[in-house]
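Spelled out from the first residue to the last, the chains are:
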Amino acid sequence: AIRERRSQGNIDPGLFLLLGTADHTTTAQAFRWFLQQAADQGLPGGARILVCGSGTTSLLPDGTAIPGVELRGWVEQTELDDLLCRAQAVLVPHTVGFGAITRVSEMSLAGIPVIMSQHPAYAMDLPPGVITVEDHWQPWTRAMRDLMQAGQSPTLEAYQKWESRQVNT
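Overview of the structure. (Residues numbered from 1 in each chain as written. Predicted model: local features only at pLDDT ≥ 70, side-chain atom pairs only at ≥ 80, totals over all residues. Heavy atoms only, no water.)

1. What to know about helix H6 (residues 137–150)
Our working rule: Numbering of helices and strands runs from the N terminus, with a helix taken as a DSSP run of H or I at least four residues long and a strand as a DSSP run of E at least two residues long. Here the expected length of a helix is defined as 1.5 Å per residue gap, with one fewer gap than residues. Using a 1.4 Å probe on the protein chains alone, a residue whose accessible area is under 20% of its type maximum counts as buried, one over 50% counts as exposed, and one in between counts as partly exposed. Whether two residues are in contact is decided by their heavy atoms, any of which lying within 4.5 Å being enough.
Here H6 is 14 residues long and its end C-alpha atoms lie 20 Å apart, about the 20 Å a rise of 1.5 Å per residue gives. Residues Trp-137, Pro-139, Trp-140, Thr-141, Ala-143, Met-144 and Leu-147 constitute the buried set of H6. Along its buried surface, H6 packs onto strand S1 (15–19), helix H2 (25–41), strand S2 (48–52), strand S4 (89–92), strand S5 (114–117) and strand S6 (130–133). Backbone geometry just downstream of H6 places Gly-151 in the positive-phi region, at approximately 60°.

2. Some points on the sheet that holds S5
To keep things clear, this is the line we draw: For two strands to be treated as a pair, DSSP must find no fewer than two bridges joining them. Angles here are taken between N-to-C directions and fall from 0 to 180 degrees, while the axes themselves are lines fitted to C-alpha atoms, restricted in helices to the stretch in contact.
Spatial ordering of the open sheet is given by S3-S2-S1-S4-S5-S6, a layout of six strands whose pairing is parallel. Single-partner strands in this sheet number two, and they are strand S3 (69–73) and S6. Averaged over neighbouring strand pairs, the angle between their axes works out to 25° when direction is ignored. Note: S5 against S6, four bridges, orientation parallel.

3. Things to note about the pairing of S2
Note the cut-off: By the criterion used throughout, a crossover qualifies as right-handed when its path from the first strand across the helix to the second strand runs clockwise, the strands pointing away from the viewer.
Most of S2 sits inside the fold, with four of its five residues counted as buried. As judged from the five bridges shared by S1 and S2, these two strands associate in the parallel manner. Paired with Phe-16 across the bridge in S2 is Ile-49. As a crossover connection, the stretch from S1 through H2 into S2 is right-handed. In the sheet, S2 pairs with S3 via four bridges, with the strands oriented parallel.

Next comes the structure, spelled out in structure tokens:
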């Protein structure tokens, strides 16, 4: 359903999502790294980051704001579905652990690109639409800019071909 809604042209250019439970240690660490980089070096022009998931509203000290970043916290399923339909991509900046890896193939099936650190990529055969980047801010901003310009999403055919090679999808 999300892939179908995305195909109707509802993509919001520059909208990126960080999704996960910040109560999970490695997810919180990944999100804090990303937010610190955004605070120190800024986001690409036109990029906006929505951080959604349990515990995410406490990732920054009270009164701290980062231009272009909104900490949403827990969102209801209907809002999450709407955000997934509109997002340019989902960001997975994990450098340790594998908390987000279960979501990567789901994003590909839904036609949502993913920009991901190299670390979780070692644990799986990457589905279509996943862009891996080094754990430095410049590759992250370059990948975000490239997606904002190209606006490409993984095709259903590419996903089905990938899925046919997997053992237990």
